[in-house]
Amino acid sequence: MRQTSTRFATAGNRMVHSKSISTSFLGLAQYIQRPTGLAIVLSLIAVLGFWPLTRSAQAQAEHDADKTVPACEKPSDNVKPSKQLDEQAKATPKSAKRQPWVPLGRETTFFTEPLDEQGYVDYAAALSSYLGKGVTPNSNAYVLILRAIGPNPPGEPPFPAAMYQRLGIEPLPDKGDYFVPLDRYAEQTLKLKEKEQLNRLFEQERAAQRQPWKARDYPHIASWLKANEKPLALVQEAVQRPHYFRPWVRYTNGEKPKALIQVPLSEQTAIRMLARALMIRSMLHLGESDYDAAWSDLMTVLRLARKVGQSSCIEALVGISIETSALRCLVTYLQHARLKPETWRGRLKELQNLPTRKPLAEILNSGERILALDFLQEMHRQKCGLGDADLGPLGELLAHIQLAGFPWAEIAKQVNYWYDQYVIAFRQPDRLQRIKAVDKTENEVVKAVEKSHREGIYAWIRVLAPKADPEFAKYLGSLLSTLSLPSFRRVDTAYDRAQQLYLLVQIGLALEIYRSEKGQFPQRLQDLVPQYLPNVPKDIFSGQDPIYIRNDRGYLLYSVGPNSKDDGGRTEDDMSPGDDIRITLARGEK
């Protein structure tokens with residue numbers, strides 16, 4: 001697989017968010033696949049004196065590749081191109097040099113090459129080269145996932161040829177042993193057409209994921225799983241591979257390429273379906289007392305979840321959602337499996353040794369940052385990067401703004417700078433420290449934005465002036481950089497919630513080992529130390545031990561959750577909702 005020569009400069013930050021937008025602009029959402037694109041357009045309108053802003057998102061990319069240079073890890077205000085980069089630049093034939101759309105360096109971008117024929121950074125090729133460094137088709141889990149899904153993911157456009165090229169594999173044939181979603185299986189194989197029949201089938205699917213069952217209980221679900229044995233086996237094989245590289249390939253809309261944030265992450269829905277099928281099958285194995293097979297399926301799902309989120313918040317959220325569902329199935333496994341103490345010990349060790357998730361800060365540092373910088377490029381290149389979307393007067397207005405000599409370099413510098421600050425803030429290892437650092441950065445960027453809000457209609461007039469004010473560009477860049485921060489916070493909280501549930505399940509396995517050896521659950525969590533756990537993992541949200549209440553048949557174990565308030569173990573799913581994260585087990589004495 002060829003990879004693209006890419007240079008990077010250390011870079012900046014992202015966009016934030018505002019809460020109210022006029023309904024007259026909601027129609028723009030249909031042109032933008034993800035919230036970020038909408039956010040950027042609405043933020044432009046906001047700065048021009050119209051409305052507050054909205055939100056953040058992502059997409060994909062296309063090109064060819066050669067060689068990668070690692071990114072600078074620590075942002076610095078005076079980073080200069082290295083001697084090696086200077087020598088490479090001198091060695092480049094003049095005919096090959098292109099004038100970039102803005103001065104390229106650590107202040108304005110993360111990657112400085114390759115450039116396309118118009119002088120724009122090919123962020124699709126650069127990001128793919130960065131993420132795919134050292135990955136081969138035989139070491140890449142994503143290749144097998146793709147072979148399980150097939151060339152036409154459910155409800156999404158087919159994978160483009162450039163995707164296969166970047167993966168270094170042949171295009172998938174149209175027909176094969178690909179995963180069949182339950183709705184398609186119901187229609188094509190079971191011939192179920194009545195609404196009542198389909199509703200009953202999907203109710204059975206939901207029940208089959210929540211509790212142990214046998215094939216005779218839900219014969220249609222069992223036959224569906226049987227039909228999907230080959231693609232599910234590919235997923236089991238895939239998660240054993242060391243790498244997960246999903247290329248970014250720029251889709252095109254007619255003659256105009258789409259911005260990366262507009263490209264659908266086609267396989268994400270299918271990945272969730274594959275994970276769901278494995279969880280349902282694990283509950284079938286559990287119902288049939290095949291505890292090894294049930295555990296194997298659950299560990300496959302957990303490993304898949306840890307691999308998925310590599311370069312965007314959307315992917316990270318998909319991984320977190322899959323992991324959370326699998327951990328809930330694991331609690332059901334704890335409730336029903338009958339194992340010897342040494343087997344439970346092996347299960348606990350395997351759970352503790354799962355691959356780590358990619359940190360959110362690293363996703364922001366490269367993937368999310370690139371989505372924002374790429375969108376700025378597309379705004380410059382083609383009427384705010386909306387492809388062939390007909391925005392009427394708004395499109396004409398945005399085109400006119402470009403022609404007015406808008407100071408794009410200053411905007412890129414500001415967006416890039418704030419990304420640097422967000423990455424630093426989200427790298428704090430402790431949740432409390434992280435919240436304080438993010439709050440501090442948010443206050444700083446909001447102060448930078450407030451002046452542009454106050455200027456209102458005058459800002460609008462300045463944008464349309466022949467020479468746009470560079471200071472105003474700094475305000476606009478800061479404003480764009482506020483758009484995604486609430487989304488980043490939500491992803492960060494979702495990470496912490498998933499991690500907290502993961503820690504609770506580990507404690508649950510240790511409790512089960514204790515019970516299987518001593519005939520009852522311990523009086524307190526500290527009784528598990530050091531024979532069953534080296535220490536009791538602290539509640540991420542309180543810094544204290546999780547709350548453990550033993551009862552006659554089992555126990556209640558919970559974290560106080562993101563609100564840091566003890567809601568008595570109540571979660572958002574309860575009739576009287578709470579914010580706690582809990583596991584309960586009613587097993588009885590030995």
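K.L.:
Honestly, the overall build of the chain in this entry has me stumped. Any pointers?
P.N.:
A count of helical and extended segments in the chain gives 19 helices and 5 strands. Total accessible area computed for the chain in this model is approximately 25600 Å², and 50% of it derives from carbon and sulfur atoms.

K.L.:
I'm lost on the packing of helix α4 (residues 141-149) against helix α10 (residues 268-287) in this one. Help?
P.N.:
To characterise two packed helices, one gives the angle between the axes of the helices and the distance between these axes. Contact geometry for α4 and α10: axes closest at 10 Å, N-to-C directions at 85°. In terms of their interaxial angle, α4 and α10 are classed as roughly perpendicular. The residues of α10 that touch α4, namely those facing I145, A148 and I149, are A270, I271 and L274. Along the lines of polarity and charge, the residues of the contact of α4 with α10 split into 6 nonpolar, no polar and no charged.

K.L.:
Would you mind going over the packing of helix α11 (residues 291-308) against helix α12 (residues 313-336) with me for this structure?
P.N.:
Two elements in contact, α11 and α12, have axes whose closest approach is 7 Å; the angle formed by their N-to-C orientations is 160°. The pairing of α11 with α12 is recorded here as roughly antiparallel in orientation. Crossing angle aside, the handedness with which α11 passes α12 is left-handed. Residues Y291, A294, W295, L298, V301, L302, A305, R306 and V308 of α11 lie in contact with α12, whose contacting residues are E315, V318, G319, I322, E323, A326, L327, C329, L330, Y333 and H336. Residues belonging to the contact of α11 with α12 are distributed by class as follows: 15 nonpolar, 2 polar and 3 charged.

K.L.:
Honestly, the sheet that holds strand β3 (residues 547-550) in this entry has me stumped. Any pointers?
P.N.:
One key point about sheets: their strands pair by backbone hydrogen bonds, in either a parallel or an antiparallel sense. Pairing is antiparallel in the open sheet, where 3 strands are placed in the order β3-β4-β5. A single partner strand is all that each edge strand has here, and the edge strands are β3 and β5 (581-586). Within the sheet, the average angular offset between the axes of one strand and its neighbour, ignoring direction, is 10°. Alignment of strand β4 (residues 554-559) against β5, held across 6 bridges, turns out to be antiparallel. Bridge assignment links L556 to a residue of β5, and that residue is T584. Where α12 meets the sheet, its contacts fall on β4 and β5, and the angle it forms with β5 comes to roughly 20°. Contacts from helix α19 (residues 485-518) reach β3, β4 and β5 within the one sheet, and its direction differs from that of β5 by about 25°.

K.L.:
Can you walk me through the environment of K258 in this structure?
P.N.:
Its place among the elements puts K258 in the loop between β2 (256-257) and α10. You can call K258 buried: its relative accessible area is 18%. In this structure, the C-alpha to C-alpha distance between K258 and F375, residues 117 residues apart in sequence, is 9.3 Å.

K.L.:
Would you explain the nonpolar core in this entry?
P.N.:
Across soluble globular proteins, nonpolar side chains show a tendency to be buried alongside one another. Judged by nonpolar contacts, the single largest core of 158 residues is most densely connected at W213, Y333 and L376. In terms of residues, this core owes the most to one element, α19, which gives 16 residues.

K.L.:
Can you help me understand helix α14 (residues 360-381) in this one?
P.N.:
Quick reminder: α-helices carry 3.6 residues per turn. Residues three or four places apart thus point the same way. Across its 22 residues, α14 extends 30 Å between first and last C-alpha, which sits within 8% of the 32 Å expected from 1.5 Å per residue. Roughly 30° is the biggest bend found in α14, and it falls at R369. Judged by how many residues are buried, α14 sits mostly within the fold: 19 of 22 residues are covered.

K.L.:
What's the story with the pairing of β4 in this structure? I'm lost.
P.N.:
Regular strands show a simple pattern: their side chains alternate between the two faces of the sheet. Among the 6 residues of β4, 6 are classified as buried, and the element is accordingly described as predominantly covered. In this antiparallel pair of consecutive strands, β3 and β4, the connection spans 3 residues.

K.L.:
Which parts of the structure should I look at to understand α11?
P.N.:
Taking 1.5 Å as the rise per residue, α11 with 18 residues should run 26 Å; its terminal C-alpha atoms sit 26 Å apart, in good agreement. With 16 of 18 residues buried, α11 is to be regarded as a mostly interior element.

K.L.:
Before we go on, may I ask you to explain the pattern of salt bridges in this structure?
P.N.:
Side-chain pairs of opposite charge can arise where the charged atoms are in close proximity. Inspection of the entire model under this criterion finds 33 salt bridges. Note that E350 is salt-bridged to R303, the shortest N-O span being 3.2 Å. With a gap of 47 residues between them, E350 in helix α13 (residues 341-352) and R303 in helix α11 connect regions that are remote in the sequence. Its relative accessible area of 17% is what places R303 among the buried residues.

Rules used throughout
Residues numbered from 1 in each chain as written. Predicted model: local features only at pLDDT ≥ 70, side-chain atom pairs only at ≥ 80, totals over all residues. Heavy atoms only, no water. Helix = DSSP H or I, 4+ residues; strand = E, 2+ residues; numbered from the N terminus. Areas by Shrake-Rupley, 256 points an atom, 1.4 Å probe, with all protein chains shown as cover. Axes fitted to C-alpha atoms, helices over the stretch in contact; angles between N-to-C directions. Parallel < 35°, antiparallel > 145°, perpendicular 65-115°, else oblique. Contact = heavy atoms within 4.5 Å. Nonpolar A, V, L, I, M, F, W, Y, C, P; charged D, E, K, R; others polar. Left-handed = near helix turned anticlockwise from the far one by under 90°. Pairing = 2+ DSSP bridges. Buried < 20%, exposed > 50% of the residue type's maximum accessible area, 1.4 Å probe, protein only. Core = buried A, V, L, I, M, F, W, Y, C linked by side-chain atoms within 4.5 Å. Expected span 1.5 Å × (residues − 1). Bend = angle between axes of the 7 residues up to and from the residue. Salt bridge = Lys/Arg side-chain N within 4 Å of Asp/Glu carboxyl O.

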